[in-house]
Every structure is written in C-alpha cells, then in structure tokens.
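What follows is the residue order along each chain.
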Amino acid sequence: MAEKAYVSPRGLPSTKTRLLRGAFGIAAFTVTVGGSLYSELFGKPIHLAALAIIFVWGAALFLAVRPERFRWHRLPAPVILFILMTAISLIWATEPIFGVQVLALQLVLAAIAVMIAYLLTWAETLRTLAQALRYLLGVGLIIWLWQTFVSQVEATVTLNLISVIAVTVFAVQTSAGLVRPSFGAFWVAVSLLAIVSINSVVTYAALVVVIISLLFLLWARKSKPDSRMPLYWIGILALGATIFVLYWWRESIFPALGIDIDTVLLDNIWVSVWSAQGVVGSALFLLLVFVTTWRVWFRAVDQPRRGAGEPLEYAKSALWPTLVIMSLLVFSLVSGSLVFEPGWFLLVLFAVKTRFDYIVPSKHEDAKRLAWRDVPIVDETTSRI
C-alpha cells in the first residue's frame, strides 16, 4: 500500500539546522563509539576533552532546537535508577575517586545519548552512525597497516566491536537501498577485512550471533504474532544449551579458543556490576538491558501500520538496532563495554529513543539514496512522516 509523505506543518528545519544536527551526530558517534581508538591514538586526556566538547556542542544545539517531545519524566526509569545506584554505591566503594570518574563518564555519555535520541530521527541516526564508522574504520585500518607492514611492530589498534557494528550497519544500509550497492559492498568488505585482521574469537562469535539473530528476526517477520512461540522457545533452548555447554566444559573450550578463563571472569561486565552495586544495581542493569532489547526486537518484527488500514511492508532499516544490541551483549561477556563507552552510550540511546519514538517504520521510510536534506522529517506532534 503506497504511502504519502507527510511534512510537519511547522515546516522542515532549515538547511543550517539539519547540517548542524548531522555534523553533531557524526562527531558524537565518532568520539563515543570510537572511544578506545581515540584513547589509543591521542591518550585518555584528549579523549575526555573531546567528549566534553561534544557534550557542550550537543547541549547548545539541544537548547536551540528544544525538541517538543522531550520530557524528563519520559526518560526510561531503569537508566535513571541505575545511574542513581551508581552514585549511591560510592558510599561503600573501595576506590571512591575511580567511582566518581565512572559516574561522571556515565552521566556525560548518557546525556549525549539523550541529545542524539531527540535531535535526530532514526534515519539520521543510522546515517550519521554509518559515516562515523567509515571514519573510524578507515583511520584504524591505515594505522594497522602501518604498524604491521611499515614499522613492523605488533598491531595494537582496537577495532573489534567497531568492526562488528560496522558490518551490521553497512549491510543493513546496502540491503535497504540507502546507499549505492557498490559503495555499500565496499564498506561491508572493509569491515570484514577489519574482522579478519583482528582475528579474535570474541569478534567472530559476535558476528555469528548477529547472523543468527538476523535469521530469527526474518523468521519472526514471516510468522504471525500469535504463532511466534515456537521461534521463541527454540531461541531460549538454544541460548540455554549454549550457556550450559560453555559453563560445563569451560576448562576445555576457552583454552582451546585461546581465551584466558580467569581474565574472562574478572572482566565479565555482570561480575563488575554485582561487585560494585550489589543485588539492586545488578537487577536494575539487567532490567535496562532486557527492556531495551525487548523494545528494539519488537520494533524490528512488528508489522508497520498507519491507522486502521492494511499493514505496510517491513523496513529493512528497522533491523539494525536489534543486531547492534546482540553484538554488544556478546562483548559484554568479556568486557565492561555495556557500562562504559561505546556500549553504555548505544544502550542508553536505544533505551531512550524506543521509549518515545516507537513508531515502527515501513519500507516507504527507507528513503532510496536521498540526499540528507531531502529526507522527510517526522512530525513530532503526530508521529507521522
């Protein structure tokens, strides 16, 4: 069923405003998603200074635009409660100074995520994230090639999570027709090259989980909502069996994969949250992860509708948040990425954006390679396009 594009009665934002929002999105994603790369190249102080600049820039833009749908009380409760629990845990922290630093970083990243969620549409969010990933991959691979073949030192560039998110985003963009096929295929190949060059078991595992998750998403889209229970049971059983096998044969499996099991246990995000914040903090964090995953899942598999008419065709672009969340969950098993950047930033971004911008996109909204200034803007007062 064809849809008619709808432009907000307030009119489109000026070209200058849209340019500023797009530039802010690219800069914010580059600094947050590429946090480890920034720190490695320029040092932690420069990276923190860049975060501070992004925060001030975003705050000024946010105050200038003043998104009409923004309400403090509509921010996800698990995000606010978890941050409050982080602050409360400073009372019994063994390293309070480090705890204050963690809290400050969480607050800044969460604030930037809120700004992105309200300043950019889903289409703009995908577009700016993809552009930031191209910059990060390009710089990272150039440095890796220099270290490997010119300076002949052991490559130290960290691109593991970035490369998995990149291949996911680029593949979705290409499949949805949001970029030229040759352009999209090139960047998918670049991100796969990065994955191969890293040669990390965790990175490969995350990629496999993303592919399996995609198959489940497509299966869910083919099934009617009331007939999806077999899909969910198979998913739960497969997950349970995987966890059982990894735990029961951990002494054999992890060493065979070249993974130090003691390091995994010490760096496992869930252990970090438990030790720092106890039962309450762990429960709040688990709730945040579960609710956010739940919302991005159903945003990807629910049939888009507009009013009482026939359901519309699925948008391929609706798949990427779920797939990115799945890759974050895999990396959270061996690192603290979900409470630090980039995982925490993306988790809060998805939690906030799915909280108020919950309209399921249709195929019509996968704008076919339109220039950024020509993509329709969502009318915030009616949630229509």
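All of these numbers come straight from a predicted model, not from anything done at the bench. (Residues numbered from 1 in each chain as written. Predicted model: local features only at pLDDT ≥ 70, side-chain atom pairs only at ≥ 80, totals over all residues. Heavy atoms only, no water.)

A look at the overall build of the protein chain
Working step 1: Along its length, the protein chain carries 15 helices and zero strands.
Working step 2: Within the protein chain, the proportion of its 385 residues that are buried is 46%.
Working step 3: Intrachain contacts of the protein chain at a sequence separation of at least 6 include 79% that bridge at least 24 residues.
Working step 4: When the accessible surface of the protein chain is split by element, carbon and sulfur atoms take 70% of a total near 19,400 Å². (Helix = DSSP H or I, 4+ residues; strand = E, 2+ residues; numbered from the N terminus. Buried < 20%, exposed > 50% of the residue type's maximum accessible area, 1.4 Å probe, protein only. Contact = heavy atoms within 4.5 Å. Areas by Shrake-Rupley, 256 points an atom, 1.4 Å probe, with all protein chains shown as cover.)

Details of the pattern of salt bridges
When the charged atoms of two side chains lie near each other, side chains of opposite charge can form a pair.
Working step 1: Within this structure, the stated rule accounts for four salt bridges.
Working step 2: Among the ionic pairs, E124 bridges to R21, the shortest N-O distance being 3.1 Å. In this pair, E124 is assigned in helix α6 (residues 122-150) and R21 in helix α1 (residues 15-33), connecting sequence segments 103 residues apart.
Working step 3: Assessed through its relative accessible area of 13%, E124 is described here as buried.
Working step 4: Using a relative accessible area of 8% as the deciding quantity, one classes R21 as buried.
Working step 5: D357 serves as the salt-bridge partner of K353, at 3.4 Å between the closest nitrogen and oxygen.
Working step 6: Judged by its relative accessible area of 1%, K353 is buried.
Working step 7: Assessed through its relative accessible area of 12%, D357 is described here as buried. (Salt bridge = Lys/Arg side-chain N within 4 Å of Asp/Glu carboxyl O.)

Focus: the confidence of the model for the protein chain
Working step 1: The predicted model of the protein chain has a mean per-residue pLDDT of 83, with 86% of residues at 70 or higher.
Working step 2: Segment residues 378-385: pLDDT under 50, and 26 contacts once partners within four positions in sequence are set aside and those in other chains are kept. (pLDDT = per-residue confidence, 0-100.)

A look at the packing of helix α5 (residues 96-119) against helix α15 (residues 343-356)
Working step 1: Axis separation between α5 and α15 bottoms out at 8 Å; the angle between their running directions is 40 degrees. On the basis of their axis angle, the class for α5 and α15 is oblique. For the element pair α5 and α15, the recorded crossing hand is right-handed. Across the interface between the two elements, Q106, L109, A110, I112, A113, V114, I116, A117 and Y118 from α5 touch W344, F345, V348, L349, V352, K353 and F356 from α15.
Working step 2: Residues belonging to the contact of α5 with α15 are distributed by class as follows: 14 nonpolar, one polar and one charged. (Axes fitted to C-alpha atoms, helices over the stretch in contact; angles between N-to-C directions. Parallel < 35°, antiparallel > 145°, perpendicular 65-115°, else oblique. Left-handed = near helix turned anticlockwise from the far one by under 90°. Nonpolar A, V, L, I, M, F, W, Y, C, P; charged D, E, K, R; others polar.)

Description of a nonpolar patch on the surface
Working step 1: Taken together, F244, V245, Y247, W248 and W249 make up a surface patch of nonpolar side chains, about 590 Å² in accessible area.
Working step 2: Assignment of secondary structure puts Y247 in helix α10 (residues 229-248). (Patch = residues over 30% accessible without salt bridge, like charges linked within 9 Å, V, L, I, M, F, W, Y side chains within 5 Å.)

Observations concerning the packing of helix α7 (residues 160-176) against helix α8 (residues 181-198)
Working step 1: Interhelical geometry of α7 versus α8 gives an angle of 160 degrees and a closest axis separation of 9 Å. With respect to each other, α7 and α8 are oriented roughly antiparallel. Seen from above, α7 lies across α8 with left-handed handedness. Side by side, α7 and α8 meet where N160, S163, V164, A166, V167, F170, A171 and T174 of the first sit next to P181, G184, A185, W187, V188, S191, L192, A194, I195 and I198 of the second.

Concerning the side chain of S282
Working step 1: Along the chain, the position of S282 falls in helix α13 (residues 269-301).
Working step 2: The residues touching S282, leaving out its near neighbours within four places in the chain, are V273 and W274.

Some remarks on helix α14 (residues 320-332)
Working step 1: Helix length check: α14, at 13 residues, gives a terminal C-alpha distance of 18 Å against a target of 18 Å (1.5 Å per residue), a fit within 8%.
Working step 2: Looking at α14, one finds that the buried residues are W320, P321, T322, L323, V324, I325, M326, S327, L328, V330, F331 and S332. (Expected span 1.5 Å × (residues − 1).)

Here's the deal with the packing of aromatic side chains
Working step 1: Within the structure shown, the criterion is met by 18 aromatic pairs.
Working step 2: With centroids separated by 4.0 Å and ring planes inclined at 5 degrees, the aromatic side chains of Y118 and F356 adopt a geometry described as stacked. Of the two residues, Y118 sits in helix α5 while F356 sits in helix α15, which places them 238 residues apart along the sequence. In this pair, the class of Y118 matches that of F356, namely buried.
Working step 3: Directly above the aromatic system of W122 lies the positively charged group of K353, at a separation of 5.5 Å from the ring centroid. (Phe/Tyr/Trp six-rings, centres within 6.5 Å; stacked < 30°, edge-to-face > 60°. Lys NZ or Arg CZ within 6 Å of the ring centre and 35° of its normal.)

Observations concerning the side chain of T168
Working step 1: You can see T168 is positioned in helix α7.
Working step 2: Of the residues examined, T168 reaches a relative accessible area of 5% and is grouped as buried.
Working step 3: Not counting chain neighbours up to four residues away, the residues in contact with T168 comprise V210, L323 and V324.

A look at the environment of V167
Working step 1: By the element assignment, V167 lies in helix α7.
Working step 2: With relative accessibility at 8%, the residue V167 sits in the buried group.
Working step 3: Distance from V167 to A185, taken between C-alpha atoms, is 9.9 Å for residues 18 residues apart in sequence.
Working step 4: With near-sequence residues (within four places) excluded, V167 lies in contact with V188, S191, L192, I195 and L207.

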